[in-house]
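An overview of the molecular structure
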Protein chains: 2
Amino acid sequence: MTRSERPTIVDVARAAGVSKGTVSFALNGRPGVAEETRQRILDAARDLGWTPSHQARALSASRAFAVGLVLAREPELLGADPFFPAFIAGVERTLSDRGQALVLQVVPEAQEEAGYRRLAADGRVDGVFLLDLRVADPRIALLEELGLPAVSIARPDVPSRFPAVLVDDRPGIASAVRHLVELGHTNIAHVAGPSQFLHARVRRAAFEEALANPGPVVEADFSAAGGARATRMLLAMPDKPTAIVYANDLMAIAGLSVASELGVVVPAQLSITGFDNTDLSAYVSPPLTTVRTDPYLWGRAAAEALLASIEGGTVDDVPVPSAQLVVRASTSPMLPAV
Amino acid sequence: MTRSERPTIVDVARAAGVSKGTVSFALNGRPGVAEETRQRILDAARDLGWTPSHQARALSASRAFAVGLVLAREPELLGADPFFPAFIAGVERTLSDRGQALVLQVVPEAQEEAGYRRLAADGRVDGVFLLDLRVADPRIALLEELGLPAVSIARPDVPSRFPAVLVDDRPGIASAVRHLVELGHTNIAHVAGPSQFLHARVRRAAFEEALANPGPVVEADFSAAGGARATRMLLAMPDKPTAIVYANDLMAIAGLSVASELGVVVPAQLSITGFDNTDLSAYVSPPLTTVRTDPYLWGRAAAEALLASIEGGTVDDVPVPSAQLVVRASTSPMLPAV
DNA sequence: GTTCACGATCAAACCGGTTTAGTTACGCGA
DNA sequence: TCGCGTAACTAAACCGGTTTGATCGTGAAC
């Protein structure tokens, strides 16, 4: 009953009464096949329910028809990050139309290099995405050594031959700071991400550049626990800030709770901004002023660029719209104490 | 400079002075090769830096050496779900040791079936994970038709030949309810997930079974927005509940904010429990009483079972430890109004 | 009427492994 | 001394496509 034997190109050839070479030409729409013959072959293929064997094609073409994504974050951190699933969804959107697959690898950070090497050595993928760029990221050199095409999210801080999706967090942070300044705040603090990450550094730099007199900066780790700890430090300062710009929503939401716990009223006594515009940010109390990014779009763009760079030659960096400030209720002018 | 030509098994054979068949035998540790010869071949392979071509092996073995995961959720919902990344990390943990890869597919729900068909038709994967089981899930029959091995997370409600990771949400919900009853609550409500999902249904059934007189149940969609809306409905009831059991943390956290906005003090006037024990749940205000699950472990177990069922014959269902209640500050006895 | 060019098609090689059917050479028992 | 079984190895087929080189037939050009 289970007719599990899939028809091959030879079966199609036999059915159509031609050679397998001709079938291949016909199916790939290449010239040199009479229109009538082509039609006969297509009909036969359809009748037999033929589908190309990915494996065979891959072997013959020396291509994997797949791209890879190596994630070196700890699973716990991944869990809370809204970026990653949305990015993947965007990537898939582009890939699925083109018969490409996405191979995912999640590895402990120490095995990151091995992860890329394995993907390349196996020939499992034709290219990879470079996420979570770090300072002087060693992966750039590694991938050039491996000869594996890549596309990075945001521009690396080292020279790179790979195209980048020009994600720039600066305008988002800058507009959050500007918003707070316009509300009258003068002592604005920042809770940053780990400085090994380029995007954490960029956000911090944007914060500092946007202010003549930047307030204190505390480095945290993008986690809720880290955000809570950083907030506690800031609110324990003698000259405590009246506003805090967080490098992501998760830390900002944790900060909101710490404030509430300490009896600091948001936004009356403390304004808070996040970054990411996570689903939850509009449903905390008070709703969080934050910066909306579009990882879905980045995923689409990154995949386009990666495929282009696999197919052909050099690909230009891809511009993307900059992030937008979303003003909600967690920011306001300082209100006089009751 | 870029010596991109990878050595093949023929190069190894030539270097070792044997035929390619012998090389294959030697490299796969099969008998019938003299120890001395085997050593010579292994040395040659190492010296040349030979690695097997995944493509060639896959074609020859008619195996993909990869497993698939089709996600039919909307990207927005994915973003907030802590389950998914942790599960994948667990899966990877098992797969990477065995030279298997994970192929991810994110599709709109309407194209879910096509997604599975494509994975199967291409021969891109040897098996798949079945997540987010639905009522009378059509994918079970589909996968049996396709002859594709699968492993489901939780047991389906229709007969299935596929092994399941026996995730059971009942004890978790039951212990949350028990906890609330012990605190003296008698009017306990539930905010459920979409009833098309089996796990949403199971949680709801567990809730109703745990109480002699279950309070109102509102069906939401696992999102923050949905959780907020459901909470508003419950708190607008004439006989409003004194405790709410949410089907996930995201909705519970949104519920926390709605209560705060309405001036309902948690936990003094309303107790709230979540489900998932997300990173954030300990850092909201008040910290959330919730149920800890272990998707990382489930991922490992599911991958083990899937590989076993691809290799060999039938595989038994896999038991996993049941979820644990984590008591925090969002639950307490009702306190008299001031 | 012969030649030439070209479109249509086929046969075979190739991608890089695995597997099977043969071929040697050697040691052992009768 | 002959025969036989077996370990060690080789040659070739195979997986299912793509691609190249050769062959065939036909109509146009001379």
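Rules used in this analysis
Residues numbered from 1 in each chain as written. Chains lettered and ligands numbered in written order. Predicted model: local features only at pLDDT ≥ 70, side-chain atom pairs only at ≥ 80, totals over all residues. Helix = DSSP H or I, 4+ residues; strand = E, 2+ residues; numbered from the N terminus. Rg over C-alpha atoms; globule rule 2.2 N^0.38 Å. Buried ≥ 20, exposed ≤ 12 C-beta atoms within 10 Å, placed from the backbone. Pairing = 2+ DSSP bridges. Right-handed = clockwise from strand over helix to strand, strands pointing away. Near = placed C-beta within 6 Å. Nonpolar A, V, L, I, M, F, W, Y, C, P; charged D, E, K, R; others polar. Axes fitted to C-alpha atoms, helices over the stretch in contact; angles between N-to-C directions. Contact = placed C-beta atoms within 7 Å. Domains from an automatic or database assignment. UniProt positions renumbered as here; feature names shortened; annotations may be inferred. Least-squares fit on C-alpha atoms with pLDDT ≥ 70 in both. Core = buried A, V, L, I, M, F, W, Y, C linked by C-beta atoms within 7 Å.

In the nomenclature of an unreviewed UniProt entry, chain A is known as LacI family DNA-binding transcriptional regulator of Paractinoplanes lichenicola.

1. With respect to the overall build of chain A
Counting its regular elements, chain A contains 13 helices and 12 strands. Against the 2.2 N^0.38 benchmark of 20 Å for 338 residues, chain A shows a C-alpha radius of gyration of 26 Å, more extended than a compact globule. Overall size of chain A, expressed as C-alpha extent along the three principal axes, is 90 × 40 × 35 Å.

2. Concerning unusual backbone geometry
Here the bond from Val266 of chain A into Pro267 of chain A is cis, since omega is 5°, no more than 30 degrees from zero. On the secondary structure map, Pro267 of chain A appears in the loop between helix H12 (249-262) and strand S9 (271-273). For the bond running from Ser285 of chain B to Pro286 of chain B, omega is -5°, close enough to zero to count as cis. Mapping Pro286 of chain B onto the fold places it in the loop between strand S9 (271-273) and strand S10 (290-292). Despite not being glycine, Phe65 of chain A shows a phi value in the positive range, around 55°. You can see Phe65 of chain A is positioned in the loop between helix H4 (54-61) and strand S1 (66-71).

3. Quick word on the pairing of strand S8 (residues 243-246) of chain A
All names here are of chain A. Of the two faces of S8, the one carrying Ala243 and Val245 and the one carrying Ile244 and Tyr246 are both buried. Two elements, strand S6 (residues 188-192) and S8, share four bridges in a ladder whose sense is parallel. The residue bridging Ala189 from the neighbouring strand is Ile244, located in S8. Taken together, the three bridges between S8 and S9 define a ladder with parallel strand orientation. What sits directly across from Val245, in S9, is Thr273. In this fold, the crossover linking S8 to S9 by way of H12 has right-handed handedness.

4. A word on the protein's contact with DNA strand C
The full set close to DNA strand C counts 27 residues, and Val18 and Gly21 of chain A together with Ile9, Gly21 and Ser24 of chain B are the nearest of them. Those elements that place two or more of their residues in the surface near DNA strand C are helix H2 (20-27) and H4 of chain A together with helix H2 (20-27) and helix H4 (54-61) of chain B. Within the surface near DNA strand C, the residues separate by chemical class into 11 nonpolar, 13 polar and three charged.

5. A few points about the sheet that holds strand S6 (residues 188-192) of chain B
Residues and elements named next belong to chain B. With respect to topology, four strands assemble into an open sheet ordered S7-S6-S8-S9, the strand pairing being parallel. Of all the strands in the sheet, the pair left with one neighbour each is strand S7 (217-219) and S9. Across this sheet, the average inter-strand angle for adjacent strands is 15°, counted without regard to direction. Against the sheet, helix H9 (residues 170-182) makes contact with S6, strand S8 (243-246) and S9, and its axis sits at roughly 170° relative to S8, the strand it touches most.

6. Concerning the pairing of strand S4 (residues 150-153) of chain B
Residue and element names in this part refer to chain B. Where burial is concerned, the two faces of S4 agree: the one with Ala150 and Ser152 and the one with Val151 and Ile153 are both buried. Across three bridges, the pairing between strand S3 (residues 127-130) and S4 is parallel. Paired with Phe129 across the two strands is Val151, which belongs to S4. With two bridges connecting them, S4 and strand S5 (residues 164-166) associate as parallel partners. In the strand pairing of S5, Ser152 is matched with Ala164.

7. A word on the protein's contact with DNA strand D
Contacts to DNA strand D come from 27 residues, most closely from Ile9, Gly21, Ser24 and Ala56 of chain A together with Gly21 of chain B. Where the surface near DNA strand D is concerned, the elements lending two or more residues are H2 and H4 of chain A together with H2 and H4 of chain B. Here the residues of the surface near DNA strand D are counted per class, giving 11 nonpolar, 13 polar and three charged.

8. Things to note about the interface of chain A and chain B
Taken together, the contact between chain A and chain B spans 51 residues of the former and 51 residues of the latter. Counting residues per element, the side of chain A that touches chain B draws most heavily on helix H6 (residues 83-97) of chain A, which supplies seven residues. Here the residues of the side of chain A that touches chain B are counted per class, giving 29 nonpolar, 16 polar and six charged. Two elements, strand S2 (residues 101-106) of chain A and strand S2 (residues 101-106) of chain B, share three bridges in a ladder whose sense is antiparallel. Along S2 of chain B, the bridge assignment pairs Leu104 of chain A with Leu102 of chain B.

9. Details of the domain arrangement of chain A
What the domain assignment lists for chain A is domain 1 (9-52), domain 2 (66-167 + 295-321) and domain 3 (170-292). Computed over C-alpha atoms, the centres of domain 1 of chain A and domain 3 of chain A are 62 Å apart.

10. Remarks on the sheet that holds S6 of chain A
Residues and elements named next belong to chain A. Spatially, four strands are ordered S7-S6-S8-S9 in an open sheet, and the strand pairing comes out parallel. Two strands lie at the open edges of the sheet, namely strand S7 (217-219) and S9, each paired on one side alone. Sheet twist, expressed as the mean angle between neighbouring strand axes with direction ignored, is 15°. Across the sheet, helix H10 (residues 198-209) is in contact with S6, S7 and S8; its angle to S6 comes to roughly 175°.

11. Looking at the UniProt feature "domain: HTH lacI-type" (unreviewed entry) in chain A
In the numbering used here, UniProt assigns the "domain: HTH lacI-type" (unreviewed entry) feature to residues 7-61 of chain A. Counted over residues 7-61 of chain A, helix gives 69% and strand 0%. Its end C-alpha atoms are 21 Å apart.

12. What about the relation of the copies chain A and chain B?
Overlaying chain A with chain B gives an RMSD of 0.1 Å, the required rotation being 180° about an axis along which the chain moves by 0.1 Å. Each copy turns onto its partner about a two-fold axis. When C-alpha distances to the rotation axis are compared across chain A, the minimum falls at Val103 of chain A, with a value of 2.3 Å. When the interface residues of chain A are mapped onto chain B, 100% of them again fall at the interface, so both copies present the same face.

13. Quick word on the nonpolar core
Membership of the largest hydrophobic core comes to 188 residues, with the highest contact counts inside it found for Val128, Met251 and Ala302 of chain A together with Val128, Met251 and Ala302 of chain B. By size, the runner-up hydrophobic cluster in this structure holds 10 residues, among which are Ala16, Val23, Val33 and Ala45 of chain B.

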